[in-house]
Amino acid sequence: MILQDLLVTLILIGYAVGVLLTFGTILTWVERKQAAIMSDRIGANRAYVRIPFTDVKLVALGLFHGMADGLKMMLKEDFRPKTYDQLAYTLGPWVTFVPVLLVFAVIPFGGVLDPGRLVPAAAGWFEGRTYTMQIAKLDAGLLVIFAFGGITIIGAMLSGWSSNNKFSLLGALRAGSQMISYEVVMALTILGLVLIWGTVDLNEIVQRQSGRVFHFLPAWGIVLQPFAAVLFLVAAIAENKRIPFDLPEAESELIAGYYTEYSAMKMGLFMFAEFIEIAIVGALFTTLFLGGYNLPYMDDGGFILGGGPIGLPHWIMVPTQLGVFLLKVLAVCSFQILIRWSLPRFRYDQLLAFAWKFMFPLAFANLAVTAIVLWLMERA
Amino acid sequence: MKPYARPRYWNEPRMSWYERAYFFEVVRGLRITGRIFLRNMWKWITGRKGALTTYYPEEKRPDYAPANRGKHILVQRADGKPQCIACNLCATVCPAKVIEIEAAFDPSDEKRPKYPARFEIDYSRCVFCGLCVEACPEDAIRMLPEVPNLPSFDRDRMWLGKDELLNWNPRDDGAKR
């Protein structure tokens, strides 16, 4: 790898990690505020930063509550249970947290980046190299996502089992069976899209969505496979173990499920992983079903409208694509939070029955119909 | 061992296929919560308040009920002295034991020489029951609809003394002369 590639990749990694951590912090605030507004409340806004030597208290709509939470997590006692397996106990939060971050490596958050055109002074040095705004340009993107997604289950099981606590073990068992069940459904729903586009490369998938269906609708995944979109979102929320699928944590029955014995920043890592995973689910849904980083009727060159393509200069194009991606992700995150504060929790048998008796056959039917229609279209 | 069979009850809810499909009802629920969210969000964005909450120490409601038992006042005589005769009945009846009275003797006042030198109420413990008002034989202590404005991080600051309690001075008061 040469120096230019290294520099650009490092910048992209920095951007991606920054975006994810920011999302993880901001979403705690968004969740609080949105829940408050949905239920006619004001929401947390008592944490303040006082300007020194004055009585001016900056409240900033309650944004400092995230900071206060972080501070509390860091300063709390780091309790360790008397368990036989300190190693697994310590490893648990990390095995949950790291794969969540890693999933983002293959998600494209922008189109083609041409650093030479963006910074004319460095044009000579970059020699016209272009990069896709994606950390790892893999042609097996979707598979990597499922591979890393599977590791999170191990994290939950590991932390639950090594805590040496009945509630933790119960929570871990619930988490394991739930996540494995819904992962199957999730993979099946996406197979329809893979059939249509014939690729698992996420960047390729996003670019295919710049096309049209019936000459006027953007060829977004949600237009081509509306059924799969709903199933995917449900399965993804279940995979993230949030209400209405938060059986593994179920604080009214299991205290805190598989992280009952965790405190301080270890528990914070679990929470952080959950909030980042909201953003990851949002990013995946955006990439697969909402046209990724492109606005409707837009591709890497500019807008494609009826009269012909309208090109956009590169320095407008790059921020537009980055911004559009973030906005779409935020919208999907907000929708997930809406679901979380609207629906009651399942019972455990209902949860598994829902996965295997309802979602699984539907996903299969969706896949079968897609395959038959594609076959007929090929014959015609 | 027999497999577990869920018990059936006579009042089990009967759901139509539409309700049992779950999805449509979920969409209906999301529409309700989403509508409330958008309505309140629009209120916040346009600078109105999207919640019913009164933001207490900064905002105060003007519409306390006239009979609301809020903060205490000591009724004054025409010459501005407290009507209180320091009999300690209110302090005795108080269930939270928040009233502290220190009696003093004023020989120049022939009718009521006994008066409170110190009359203090600890609002960090007061339960606003109004028993002190009922116990008073001289109608010397009453309660206003307004609440004592004492939110603080320190409970030692939630005391009101004789000076603060004596600041109620209406023209037409039914107090005895």
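Residues numbered from 1 in each chain as written. Chains lettered and ligands numbered in written order. Predicted model: local features only at pLDDT ≥ 70, side-chain atom pairs only at ≥ 80, totals over all residues.

Some remarks on the overall build of chain B
When helices and strands are counted, chain B shows five helices and five strands. When the helices and strands of chain B are read in sequence order from the N terminus, they spell out α-α-β-α-β-β-α-β-β-α. What you see for chain B is a C-alpha radius of gyration of 28 Å, clearly larger than the 16 Å of a compact globule of 177 residues, by over 25%. Along the first, second and third principal axes, the C-alpha set of chain B runs to 90 × 55 × 35 Å. Among the 177 residues that make up chain B, the fraction classed as buried is 14%. In chain B, the proportion of contacts linking residues at least 24 apart, taken out of those at least 6 apart, comes to 68%. (Helix = DSSP H or I, 4+ residues; strand = E, 2+ residues; numbered from the N terminus. Rg over C-alpha atoms; globule rule 2.2 N^0.38 Å. Buried ≥ 20, exposed ≤ 12 C-beta atoms within 10 Å, placed from the backbone. Contact = placed C-beta atoms within 7 Å.)

Some remarks on the interface of chain B and chain A
Taken together, the 15 residues of chain B in the interface contact eleven residues of chain A. Of the residues contributing to the side of chain B that touches chain A, the split by class is nine nonpolar, six polar and no charged. (Nonpolar A, V, L, I, M, F, W, Y, C, P; charged D, E, K, R; others polar.)

A look at the domain arrangement of chain B
The assigned domain composition of chain B is domain 1 (16–53) and domain 2 (72–165). Taking only C-alpha atoms, the centre of domain 1 of chain B and the centre of domain 2 of chain B are 50 Å apart. (Domains from an automatic or database assignment.)

As for the pairing of strand β3 (residues 114–122) of chain B
All names here are of chain B. Note: strand β2 (residues 99–105) against β3, seven bridges, orientation antiparallel. Counterpart to Ala 104 in the pairing with β3 is Tyr 115. Relative to strand β5 (residues 159–160), β3 runs antiparallel, the two being bridged by two bridges. Each residue of the ladder has a partner; that of Asp 122, found in β5, is Trp 159. (Pairing = 2+ DSSP bridges.)

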